[in-house]
Amino acid sequence: MERDQTLTEEVEKYCQKIGIDIVGFADLSLFDRYSEENRPQAHLEDSKTVIIIGFYLYDILLDAWSHKKGEGVWGYQFADAIIEQLCHKVRRFLLKKGFNSVVIPYNPGLFLKEAAALAGIGPIGKNNLLITEKFGSQVRLRALATTAPLIFGEPITESEFCKDCNICIESCPAKAFSDGKFIKEKCYEYLETHRRKLSDYTIIECNVCIESCPIGKKRDD
Ligand code: B12
Ligand code: SF4
Ligand code: SF4
């Protein structure tokens, strides 16, 4: 299938213009390794490209979760709400060019940090998260599936950033990396029991494995 260099550059430029900090494009066939509901085709049958966007969490408040009084479910994430709007703008931009797109739901959806690594945005580091050169792991992610034939990035499978570093592993208060791999149950339990309360309805979760990582911390913008 012919891929469109000009359109790819136009999408990149548009993303930059509307305040999307990171964008990458991934090959659909790389998602065949996942179960059906975690593939782009489950959301848009004739998809040709997966677009991954990243929003830099420049203020910790963007990472807050909220719920409505009486509901008790942490259903609203501030950065996710912004990213969703940005995704819809990209969708509209592509629609005007004659291509259909779908903003992929959060759950079930794609495995976003893997999708970003498959799009060549950055590696998954020892902190088990996507690392970007400019922002470290301080980015929230979301994806669209589109019929636009965009040019893919090269998948990244190893982290050149981590090498001899172990800062995130040593900093994790739950010791979730103590057996040489990420133990999600330890992390989950810690997140549940150590919420930073901002108000009756809003909290911030642990993000030490993000904040302790030195990558992307030397920016001046
Ligand atoms: C379920 C979930 C959780 C659960 C369980 C996590 C888990 N890893 O299973 C809990 C609640 C514990 C959790 C915790 C956190 N989460 Co969370 N979580 C998710 C969610 C919804 C799905 C993750 C998932 O199941 N991935 C698939 C599994 C198979 O991956 P995995 O086992 O973690 O990792 C394997 C692969 O990465 C693979 N691998 C390694 N290198 C490579 C390279 C390639 C190319 C490939 C294909 C695979 C691969 O090896 C790993 C080990 O087996 C995603 C959102 C989404 N829809 O993707 C957010 C997400 C991963 N979480 C996120 C964040 C920020 C957090 C927290 C910091 C909490 C917070 N403050 O928000 C912690 C960090 C924990 C950590 N260090 O990993 C962000 C990460 C952003 C980033 N920069 O990477 C995401 C993407 C949400 C978002 N919208 O941005 N999370
Ligand atoms: S703190 Fe060090 S080991 Fe951990 S993700 Fe960042 S660079 Fe990699
Ligand atoms: S979010 Fe906190 S508890 Fe979970 S792995 Fe990261 S540092 Fe550890």
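Residues numbered from 1 in each chain as written. Chains lettered and ligands numbered in written order. Predicted model: local features only at pLDDT ≥ 70, side-chain atom pairs only at ≥ 80, totals over all residues.

Engineer: Please give an account of the overall build of the chain that cites residues and values.
Structural biologist: Counting its regular elements, the chain contains six helices and eight strands. Reading the chain from its N terminus to its C terminus gives the helix and strand order α-β-β-β-β-α-β-α-β-α-α-β-β-α. Scaling as 2.2 N^0.38, a compact globule of 221 residues should have a C-alpha radius of gyration of about 17 Å, and the chain matches this with 18 Å. Principal-axis analysis of the C-alpha atoms gives the chain an extent of 50 × 45 × 40 Å. (Helix = DSSP H or I, 4+ residues; strand = E, 2+ residues; numbered from the N terminus. Rg over C-alpha atoms; globule rule 2.2 N^0.38 Å.)

Engineer: Provide a residue-level description of the site of ligand 1, including the pertinent values.
Structural biologist: Near ligand 1 lie 30 residues; those nearest to it are Leu112, Ile124, Asn128, Leu129 and Leu130. Those elements giving two or more residues to the shell around ligand 1 turn out to be α3 (112–118), β6 (139–146), α5 (184–193) and α6 (208–211). Considering each element in turn, the shell around ligand 1 owes the most residues, five residues, to α3. Here the residues of the shell around ligand 1 are counted per class, giving 18 nonpolar, six polar and six charged. (Near = placed C-beta within 6 Å. Nonpolar A, V, L, I, M, F, W, Y, C, P; charged D, E, K, R; others polar.)

Engineer: Give me unusual backbone geometry: which residues, what numbers.
Structural biologist: Between Asn107 and the following residue, Pro108, the backbone shows a cis peptide bond with an omega angle of -5°. The topology assignment puts Pro108 in the loop between β5 (101–103) and α3. With phi around 70°, Asn128 is a residue other than glycine that occupies positive phi space. With respect to the element layout, Asn128 can be found in the loop between α3 and β6. A count of 19 C-beta atoms within 10 Å places Asn128 in the partly exposed class. With a phi close to 25°, Lys163 is a non-glycine residue in the positive phi region. For Lys163, the position within the fold is in the loop between β6 and α4 (167–171). (Buried ≥ 20, exposed ≤ 12 C-beta atoms within 10 Å, placed from the backbone.)

Engineer: Tell me about the environment of Ala81, residues and numbers included.
Structural biologist: Within the secondary structure, Ala81 sits in helix α2 (residues 78–96). By C-beta crowding, Ala81 is classed as exposed, having 11 other C-beta atoms within 10 Å.

Engineer: Quick one: what's the story with the sheet that holds strand β4 (residues 76–77), residue by residue and with numbers?
Structural biologist: Spatially, four strands are ordered β4-β3-β8-β7 in an open sheet, and the strand pairing comes out antiparallel. With one partner strand each, in any of the chains shown, β4 and β7 (196–199) form the two edges of the open sheet. Judged from the three bridges that link them, β7 and strand β8 (residues 202–204) form a sheet pairing that is antiparallel. Counted as the bridge partner of Arg196 is Ile204 from β8. (Pairing = 2+ DSSP bridges.)

Engineer: A description of the sheet that holds strand β2 (residues 49–56) should follow, citing residues and the corresponding values.
Structural biologist: Through backbone hydrogen bonds, the strands of a sheet pair up, either in parallel or in antiparallel fashion. Ordered in space as β1-β2-β6-β5, the four strands form an open sheet in which the pairing is antiparallel. Two strands in the sheet have a free side with no partner beyond their single neighbour: β1 (22–27) and β5. With direction set aside, neighbouring strand axes in the sheet form an average angle of 25°. The pairing of β2 with β6 spans eight bridges and is antiparallel. Opposite Ile53, over in β6, you have Arg142 as the bridge partner. Packed onto the sheet, α2 meets β2, β5 and β6 and runs at close to 30° relative to β6. (Axes fitted to C-alpha atoms, helices over the stretch in contact; angles between N-to-C directions. Contact = placed C-beta atoms within 7 Å.)

Engineer: Account for the nonpolar core, naming residues and giving values.
Structural biologist: One finds Val50, Ile51, Ile52, Ile53, Ala115 and Ala119 to be the most contacted residues of the largest nonpolar core, which totals 48 residues. Among the secondary structure elements, those contributing two or more residues to this core are α1 (5–17), β1, β2, α2, α3 and β6. The greatest single-element share of this core, amounting to six residues, is contributed by β2. In this structure Ile51 touches Val23, Phe25, Val90, Ala143, Leu144 and Thr146, once residues within four positions along its chain are discounted. (Core = buried A, V, L, I, M, F, W, Y, C linked by C-beta atoms within 7 Å.)

Engineer: Any chance you could break down the environment of Tyr14 for me, citing the residues and the numbers?
Structural biologist: By secondary structure assignment, the location of Tyr14 is in helix α1. A sequence separation of 62 residues divides Tyr14 from Tyr76, and the C-alpha atoms of the two residues are 27 Å apart.

Engineer: Could you give an account of the environment of Leu44, naming the residues involved and the relevant values?
Structural biologist: Relative to the assigned elements, Leu44 resides in the loop between β1 and β2. Residue classification places Leu44 among the partly exposed residues on the basis of 18 C-beta atoms within 10 Å. When the C-alpha atoms of Leu44 and Gln16 are compared, they prove to be 25 Å apart, with 28 residues separating the residues in sequence.

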